[in-house]
Structures are given as C-alpha cells and as structure tokens.
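# Residue-level structural notes
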Amino acid sequence: MDSRHEGIGMTSQRTRLRMVDRLRAAGLRDEVVLAALAAVPRHLFVDEALASRAYEDISLPIGFGQTISAPSTVGRMLELGRAARTVERVLEIGTGCGYQAAVLSRVARQVHSVERIAALIAKARRVLREARVSNVRIKHADGRPGLAEIAPFDLIVMAAAAPEVPAELADQLSAGGRLVLPVGTRDQQLVLVERIERGFQERRLEAVNFVPLLPGLAR
Ligand code: SAH
C-alpha cells in the first residue's frame, strides 16, 4: 500500500506513531480517532515534494489555493464530532485531497464527501483507491445545501469556513447528530452544533483558521 516513498523513513508507520504520540501529548483523547490518524498514510495525499513534511502537525498546500488541514485540526474536529458514539453516516464538506475523508472512513461506516473543485476530486479518488479506502463517496457539488437525498447524518464536518452556521445543514443531522465547522470571515471560531430533543444546541469553541467556503462549482 505504501509503495510511494517507501523506505525513506520519513513516511513509515513509526513516523506516524510518533505524530500520534505528539497529538496525544497535545491533548487529543479519543483513541478511535488517534488510531485512525495512525493508520492513514498522510504522505500519499500531498505532493511528493512535501511528503517528508507530511507527519508534521502543519497544514500543507494541495493546489488550487487550498490546503490539507493539520493532523491536530482533523483530530480535534473528529473527536468533537464523534463524541465517543458509533457514527454510521457522515457528511464531509470540502474533500480537498481526501485526507480527512480517509481518516473519517475509519471512524464512520459510510462517508459522503462533497467538493466544488473537480480536479481535486479526481486526485482524491486516485489516492483513496491507492490507500485502499472503499467507503468514501465523493460528489462534485456545492456543499452548502448539504446532501438532502442521503441525510440524515450522525456527523457533518465542514472543512471550509462559513460566514454563519448554515441552517439546512443542521436540519440534516440525525437525533443526537453533530455538526462541526469553522464559522466567521476574518476571525473564525470552531462551532459545534448538536441536535438535541427540542432543537439545537450550539457551542462556540476556539479560534481557528480555515480556507473560506466558496459558492458554485469549479473545474
Ligand atoms: N478535508 C480536506 C481539507 C480541504 S480544504 C483535506 O483533508 O484535504 C477545504 C476544501 O473545501 C477545499 O478543497 C475547497 O475547494 C472546498 N470547498 C470550499 N467551498 C466549498 C463548497 N461550497 N462546497 C464544497 N467544497 C467546498
């Protein structure tokens, strides 16, 4: 599976486990999420020239002005979203290079991911196949309205910052479902929305820095 860059040491399982040790030391607690981060070969999702930096806790460029999120950011969002539940169906908005989708594929049974840039989807599909991930479906669409035809979702994770919490996304949550997303234009905050018995509970968390959610489709 790890044929690319095999043996150069920077991309081995050992390097990944060291990354996970650092994430645990930095406060990530959900062992299911940590195991998923330990298993996904992040170096396959970035350009070969950046592969040696793939296990540093940093975001990296993936082309088209977009970035792969830092592993700690992916871990934090998934830990918040999973909340130690069994997650059957998840929606990701912003597939990008497919890294977070690959991590989600080990945390949820079915992953539906939506991306507006067609060229990123082609690449993500190729790498996901190479990484032997088979439970991720990617759709070329503007993710802002969600995926009503597949809802409800136990978890919705958005990888780009929205100006406000999109109401139609919260409506696509199952009972007890969680939506995790960055909100804001200049100053962004991580927001967690939970579907409770009588409506929704919203919590505003730490400051974050994501690429903006953009309208419409791109080639
Ligand atoms: N989860 C990704 C992070 C990608 S960055 C990864 O692991 O690589 C955010 C992504 O959101 C970008 O690829 C961007 O094109 C996408 N995006 C931005 N606005 C969008 C929209 N309205 N609908 C779908 N995707 C969107």
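Scoring rules and cut-offs
Residues numbered from 1 in each chain as written. Predicted model: local features only at pLDDT ≥ 70, side-chain atom pairs only at ≥ 80, totals over all residues. Heavy atoms only, no water. Axes fitted to C-alpha atoms, helices over the stretch in contact; angles between N-to-C directions. Helix = DSSP H or I, 4+ residues; strand = E, 2+ residues; numbered from the N terminus. Left-handed = near helix turned anticlockwise from the far one by under 90°. Contact = heavy atoms within 4.5 Å. Nonpolar A, V, L, I, M, F, W, Y, C, P; charged D, E, K, R; others polar. Buried < 20%, exposed > 50% of the residue type's maximum accessible area, 1.4 Å probe, protein only. Lys, Arg positive; Asp, Glu negative; His and termini not counted. Salt bridge = Lys/Arg side-chain N within 4 Å of Asp/Glu carboxyl O. Near = heavy atom within 4 Å. Polar contact = N/O pair within 3.5 Å; in protein donor to acceptor, adjacent residues only side chain to side chain. Areas by Shrake-Rupley, 256 points an atom, 1.4 Å probe, with all protein chains shown as cover.

Attention now moves to the packing of helix H2 (residues 31-39) against helix H3 (residues 71-82). Between H2 and H3, the shortest axis-to-axis distance is 9 Å and the interhelical angle comes to 145 degrees. The two elements H2 and H3 meet at a crossing, and its hand is right-handed. Counting all contacts with H2, which are made through Val 32, Val 33 and Leu 37, the residues of H3 involved are Pro 71, Val 74, Gly 75, Leu 78, Glu 79 and Arg 82. Along the lines of polarity and charge, the residues of the contact of H2 with H3 split into 6 nonpolar, 1 polar and 2 charged.

Among the secondary structure elements, Asp 154 is positioned in strand S6 (residues 153-158). For the buried residue Asp 154, which engages in no salt bridge, the nearest side chain bearing the opposite charge is Arg 85, 5.2 Å off. When sequence neighbours within four positions are dropped, the list of residues in contact with Asp 154 reads Arg 85, Val 87, Glu 88, Arg 89, Ser 174, Gly 177 and Arg 178.

Right, let's get into the site of the ligand. Looking at the ligand, there are 25 residues lining it, with Gln 100, Glu 115, Asp 142, Gly 143 and Leu 214 nearest. Within the side chain of Glu 92, a nitrogen or oxygen atom sits 3.2 Å from a nitrogen atom of the ligand. Within the backbone of Arg 116, a nitrogen or oxygen atom sits 3.4 Å from a nitrogen atom of the ligand. For the ligand, whose free accessible area comes to 580 Å², the fraction covered by protein is 99%. Among the elements of the structure, strand S2 (66-68), helix H4 (99-104) and strand S4 (108-115) are those that each provide at least two residues to the shell around the ligand. When residues in the shell around the ligand are grouped by element, the largest group, 3 residues, is from S2.

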